[in-house]
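# Structural overview for review
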Amino acid sequence: MATSGSPSARTFHAALLDMDGTLVDSRAVVEKLWLRWARRHQLDPELVLRTVHGRQGQESMAMLLPGRPQEENLRENREMLATEAVDTDGVVAIAGASALLGALEGLPHALVTSADARLAAARMGAAGLRMPDLWVTAEDVTASKPSPEGFLKAAEKLGVAPAECVVFEDSQAGVEAGVAAGMAVLGVGSHAAEYEPAWAVEDLTQIVVEPAPRHDAFQLLLP
């Protein structure tokens, strides 16, 4: 894993970007709402917070309340998503996110998030970040991360082979999804290295994206 030393360059044809924890810091509101949910269901708060990051809400609920009808999980997740879409207090951009999105303009890239489209637009807007032209959200997949479905669907829509994509992710579920998709994964955040991505950085200020000689590719400069 490249984490220090002289910069190195890797060439890719598409960037697939997670949102929460990767482009957007939404931890405060996410943890507030999930801790409220944990109290309502008398669950261990630490267990809940360890489970929910990177996954769709109904999948986390199914793991935390095994045996409960999935209809209940889906209903509660819809309620939580609606609340999250209007509660953006404290949502800010991850350092370097705006510059990364600017560097990727005109290059193949997509947002791949476990949020639904309404929540993704709300959080990206609250953080002052440009929405990519292509996004794959909760409505577009049948399985949540760590399933690779979202990343594979984004690559297919971009017309890029999985092996030519780089995934930007912060959570264990997200890193596992990228690896399962056969893609290189850049871990973002203080805990990302624990999940064994190909490379890890503290934030997005530590990497640079530059156009490659081929118009449909770019170079990712890593520390």
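Please refer to the structure placed before this passage.
Throughout this description, residue numbers start from 1 for each chain and increase along the sequence as written. Residue-level local features of this predicted model are given only where pLDDT is at least 70; pairs of side-chain atoms are given and counted only at 80 or more, and the full residue set underlies all totals for whole chains, interfaces and linings. For side-chain calculations, the full set of non-hydrogen atoms in the structure is used, while hydrogens and water are omitted.

## Let's talk about the sheet that holds strand E11 (residues 218-222)
Our working definition: Two strands qualify as a pair provided DSSP detects at least 2 bridges between them. In this text, helices come from DSSP runs of H or I with a minimum length of four residues, and strands from runs of E with a minimum of two, each type numbered from the N-terminal end. Note on definitions: angles span 0 to 180 degrees between N-to-C directions of axes, and those axes are lines fitted to C-alpha atoms, for helices only across the stretch in contact.
The strand order E1-E11-E10 describes an open sheet built from 3 strands, whose pairing is antiparallel. Looking at which strands have only one partner, the edges of the open sheet turn out to be strand E1 (8-12) and strand E10 (208-211). Direction aside, neighbouring strands of the sheet carry axes that sit 30° apart on average. Of the strand pairs in this sheet, E10 and E11 are connected by 4 bridges, and their pairing is antiparallel. Across the sheet, Pro-211 pairs through a bridge with Phe-218, a residue of E11.

## Considering the pattern of salt bridges
Note on pairing: side chains with opposite charge can pair once their charged atoms come close. Put simply, the rule is: Salt bridge criterion: a side-chain nitrogen from Lys or Arg within 4 Å of a carboxyl oxygen from Asp or Glu.
Scanning the entire structure with this criterion turns up 11 salt bridges. A salt bridge links Glu-79 to Arg-75; its shortest N-O distance comes to 2.8 Å. Of this pair, Glu-79 and Arg-75 are both found in helix H4 (residues 70-86), 4 residues apart, which corresponds to roughly one turn of the helix.

## Description of the sheet that holds strand E2 (residues 14-17)
The sheet built from 6 strands is open, its strands ordered E6-E5-E2-E7-E8-E9 with parallel pairing. Where the open sheet ends on each side, the last strands, each with one partner, are strand E6 (135-136) and strand E9 (199-201). Here strand E8 (residues 184-188) runs beside E9; their pairing, made up of 3 bridges, is parallel. Each bridged residue has a counterpart across the sheet, and for Leu-186 the counterpart in E9 is Trp-199.

## Regarding empty space enclosed by the protein
Put simply, the rule reads: Each cavity reported here is a set of points on a 1 Å grid over the protein atoms alone in which a 1.4 Å probe fits but cannot get out, each pocket an open set with protein on both sides within 12 Å along at least five of seven lines, and each lining residue one with an atom within 4 Å of a point. Grid points are joined across faces, edges and corners, and a volume is the space filled by probe spheres set on the points. Under this grouping Gly is polar, as are all residues other than the nonpolar Ala, Val, Leu, Ile, Met, Phe, Trp, Tyr, Cys and Pro and the charged Asp, Glu, Lys and Arg.
Within this structure, the stated rule accounts for 1 cavity of 30 Å³ or more. There is about 70 Å³ of room inside the largest cavity. Contributing to the lining of the largest cavity are 13 residues, with Val-112, Thr-113, Val-141, Lys-145 and Gly-150 lying nearest its centre. When the residues that make up the lining of the largest cavity are grouped by side-chain class, the tally is 5 nonpolar, 7 polar and 1 charged.

## Thoughts on the layout of surface pockets
One number sums up the size of the largest pocket: a volume of about 990 Å³. Lining the largest pocket are 48 residues, with Arg-27, His-53, Gly-54, Asp-170 and Ser-171 positioned closest to its centre. The set of elements that each furnish at least two residues to the lining of the largest pocket consists of strand E3 (24-25), helix H1 (27-40), helix H2 (45-52), helix H3 (57-64), H4, helix H6 (117-126) and helix H8 (172-180). At 5 residues, the largest contribution of residues to the lining of the largest pocket is made by H2. By volume, the second largest pocket amounts to about 180 Å³. Around the second largest pocket, the lining comprises 13 residues; the ones closest to its centre are Gln-56, Gln-58, Asn-77, Leu-81 and Ala-138. Elements that contribute at least two residues to the lining of the second largest pocket include exactly H3 and H4. Counting residues per element, the lining of the second largest pocket draws most heavily on H4, which supplies 4 residues.

## As for unusual backbone geometry
The peptide bond linking Lys-145 to Pro-146 adopts the cis configuration, its omega dihedral lying at 20°. Assignment of secondary structure puts Pro-146 in the loop between E6 and helix H7 (149-158). The phi angle at Gln-42 is positive, at roughly 55°, despite the residue not being glycine. For Gln-42, the location among the structural elements is in the loop between H1 and H2.

In short, shape yes, function no, at least from these values alone.
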